[in-house]
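These are the residues of each chain, in order.
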Amino acid sequence: MPFCEISKYRQDPPSPAGADDNGVKIFYRTYGRGPTKVLLIIGLAGTHDSWGPQMKSLAGTVIPNNEMEPVDLAGDGDGIEVCAFDNRGMGQSSIPVERSQYTTTIMAKDAIALMDHLGWEKAHVFGHSMGAMISCKLAAMVPKRVLSLALLNATGGGYECLPKLDRRTMSVAIRFLKAKTPEQRAAVDLDTHYTKEYLDECIGSTTRRQILYQEYVKGISSTGMQLKYGFDGQVNACWTHKVTKSDVEAIRSGGFLVSVIHGRYDIIAQIYYARRLAEKLHPVARMVDLHGGHLVSHERTEEVNQALAELIKASQAGTSPEDWTNIVQERSGWLAGRKSADRKKSKEGRVAESRSTSSGIFTTRLYASLVYLLSLFVLAFESMRKAHRSLRPAKVGSSLT
């Protein structure tokens, strides 16, 4: 089985905080052959095969190289080789037990070690959700090894990872926490990943929801439910993630182009934060917003694959950031939007936008405060429940002797 032993490629000493990587192995697969290299980094609780639609588009196959018959590489001068892997804490990769062993920086170093293991000097780096956070850190740490950067359904980490606080999201969150079987997890994952209209579309005599439900149950059953250590650790990585000013500057000056791709109706990673990230990365970034949910790479496969192909093509052609970006910078600040020669905002429009921005900032702060209070309530409830359990008299069964 293809594994990368991280400690063989780490150049920095082990962390005294418990982030020692001795024994940590990352499971990976490669697909296709060619001089162009693409590294795919999946998100929280996801496995490498979640990139299936993109593997097929980029490499032309979803069959791993080690399971294919040897072929003559002479005809693959323009081909693409893709690598996808299971992050630490999930799938067939190692699952450290300490939360301190999970940060986006540590996981970015895992990805860099994997590139070293493969002998890849440079690669196009594409990440989804938590994988996009990891990709940001990787790009900031080793910008000279990045050919292009695609951030799918990304946020800046911390409170930006918190979903929109409404009745639907709260219901999904409660169901997610209660899910103990592949069937329960599959049902809640569908509502988390896709828009309702997409799931309710009729496919022959059934709906897409029913078809995907069976696929999800099969997939979760084959890989197993994520262990608590892995889930808690990956959540910790998301919560502690932060795109710093130095990260932004390193990416902007790295000499590569960026695509920020997002589903407009993502209930996990809100598109507002993705737009804000794209604005910070101006002028090297392009914003691509699509009609989809959190797993926009599956819901809008054709559009996402086209955006990724355009990114690779533009990078190979040496397209300038000014010709690549569709984000407009104005004196009043960073404003996202498509370039249009005939788009001119009136004075009233600018005033209204300014008010909207101020309102958005106030709403964001209010939202963060409410979430913080809700988190305290949940923690208090859990503490009381554990204390109550500890006070219960133990049940004594019949003696075995």
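Note that the coordinates shown come from a computational prediction; the quantities given were computed from them, not determined experimentally. (Residues numbered from 1 in each chain as written. Predicted model: local features only at pLDDT ≥ 70, side-chain atom pairs only at ≥ 80, totals over all residues. Heavy atoms only, no water.)

1. Quick notes on the confidence of the model for the protein
Looking at the protein, the pLDDT average stands at 84 and 77% of residues meet or exceed 70. When the criterion is pLDDT under 50, residues 331-381 qualifies, and its contacts beyond four places in sequence or with other chains add up to 39 contacts. pLDDT under 50 marks residues 393-401. Its contacts with residues more than four places away, or in other chains, come to zero contacts. (pLDDT = per-residue confidence, 0-100. Contact = heavy atoms within 4.5 Å.)

2. As for the packing of aromatic side chains
A full pass over the atoms with the stated rule returns six aromatic pairs. Between Y159 and Y273, the aromatic rings sit 6.1 Å apart at their centres with planes inclined by 85°, giving edge-to-face as the arrangement. In this pair, Y159 sits in the loop between β6 (146-152) and α4 (167-178) while Y273 sits in helix α10 (residues 271-280), placing the two residues 114 residues apart along the sequence. Taking the centre distance of 6.3 Å and the plane angle of 65° together, the rings of Y194 and Y216 count as edge-to-face. Of this pair, Y194 sits in the loop between α5 (182-193) and α6 (196-199) while Y216 sits in helix α7 (residues 208-223); the two residues are 22 residues apart in sequence, bridging distant segments of the chain. Judged by its relative accessible area of 14%, Y216 is buried. Connected via pairs of aromatic rings, a cluster forms that spans Y159, Y272 and Y273. (Phe/Tyr/Trp six-rings, centres within 6.5 Å; stacked < 30°, edge-to-face > 60°. Helix = DSSP H or I, 4+ residues; strand = E, 2+ residues; numbered from the N terminus. Buried < 20%, exposed > 50% of the residue type's maximum accessible area, 1.4 Å probe, protein only.)

3. Side note on a nonpolar patch on the surface
A cluster of nonpolar residues, V62, I63 and M68, forms a patch on the protein surface that exposes about 230 Å² of accessible area. Looking at the element boundaries, V62 is found in the loop between α1 (52-59) and β4 (80-85). (Patch = residues over 30% accessible without salt bridge, like charges linked within 9 Å, V, L, I, M, F, W, Y side chains within 5 Å. Areas by Shrake-Rupley, 256 points an atom, 1.4 Å probe, with all protein chains shown as cover. Salt bridge = Lys/Arg side-chain N within 4 Å of Asp/Glu carboxyl O.)

4. Notes on α7
Here α7 is 16 residues long and its end C-alpha atoms lie 22 Å apart, about the 22 Å a rise of 1.5 Å per residue gives. Three or more residues of α7 are buried, namely R208, L212, Y216, V217 and I220. One side of α7 carries all its buried residues, which in axial view fall inside an arc of 155°. Facing away from the buried surface of α7 by more than 90 degrees, the exposed residues are Q214, K218 and S222. Residues of α7 that are buried make contact with α5, α6, β7 (202-203) and β8 (206-207). (Expected span 1.5 Å × (residues − 1). Arc of directions from axis to C-beta.)

5. Let's talk about helix α9 (residues 245-252)
Within α9, burial applies to D247, V248, A250 and I251. Taken down its axis, α9 places every buried residue within 165° of arc, on the same side. Relative to its buried face, α9 has exposed residues pointing more than 90 degrees away, namely K245 and S246. The elements touched by buried residues of α9 are α3 (130-141), β6, β9 (257-263) and α10.

6. Describing the pairing of strand β5 (residues 123-128)
Judged by how many residues are buried, β5 sits mostly within the fold: six of six residues are covered. With burial as the criterion, each face of β5 is covered, one bearing A123, V125 and G127 and the other bearing H124, F126 and H128. Note: strand β3 (residues 36-41) against β5, four bridges, orientation parallel. Paired with I41 across the bridge in β5 is G127. Crossover handedness for the path β5 to α3 to β6: right-handed. (Pairing = 2+ DSSP bridges. Right-handed = clockwise from strand over helix to strand, strands pointing away.)

7. Digging into the side chain of E299
By the secondary structure assignment, E299 is in helix α11 (residues 296-299). Notably, E299 is buried but unbridged: the nearest opposite-charge side chain belongs to R300, and the N-O separation is 4.6 Å. Among the polar contacts made by the side chain of E299, one reaches the side chain of T195 at a distance of 2.5 Å. (Lys, Arg positive; Asp, Glu negative; His and termini not counted. Polar contact = N/O pair within 3.5 Å; in protein donor to acceptor, adjacent residues only side chain to side chain.)

8. What about the side chain of Q226?
In this fold, Q226 is placed in the loop between α7 and α8 (228-240). Judged by its relative accessible area of 14%, Q226 falls in the buried class. At 3.0 Å, the side chain of Q226 forms a polar contact with the backbone oxygen of G89. For Q226, the side chain forms a polar contact with the side chain of Q234, separated by 3.3 Å. Dropping the residues within four chain positions of it, Q226 is found in contact with A45, G89, M90, F231 and Q234.

9. A word on unusual backbone geometry
Looking along the chain, the bond that leaves H282 and enters P283 is cis, with omega of 15°. Relative to the elements of secondary structure, P283 occurs in the loop between α10 and β10 (285-290). The phi angle at A45 is positive, at roughly 65°, despite the residue not being glycine. Of note in the backbone geometry, S129 takes a positive phi value of approximately 55° without being a glycine. In this fold, S129 is placed in the loop between β5 and α3.

10. Quick look at the sheet that holds strand β1 (residues 3-5)
Strand pairs in the sheet, formed through backbone hydrogen bonds, run parallel or antiparallel to each other. What the eight strands build is an open sheet, ordered β1-β2-β4-β3-β5-β6-β9-β10; its pairing is mixed. The open sheet has two edge strands with one neighbour each: β1 and β10. Here the average twist between neighbouring strands, direction ignored, is 20°. As paired strands, strand β2 (residues 25-31) and β4 are joined by four bridges and run antiparallel to one another. Bridge pairing links R29 to A84 in β4. (Axes fitted to C-alpha atoms, helices over the stretch in contact; angles between N-to-C directions.)

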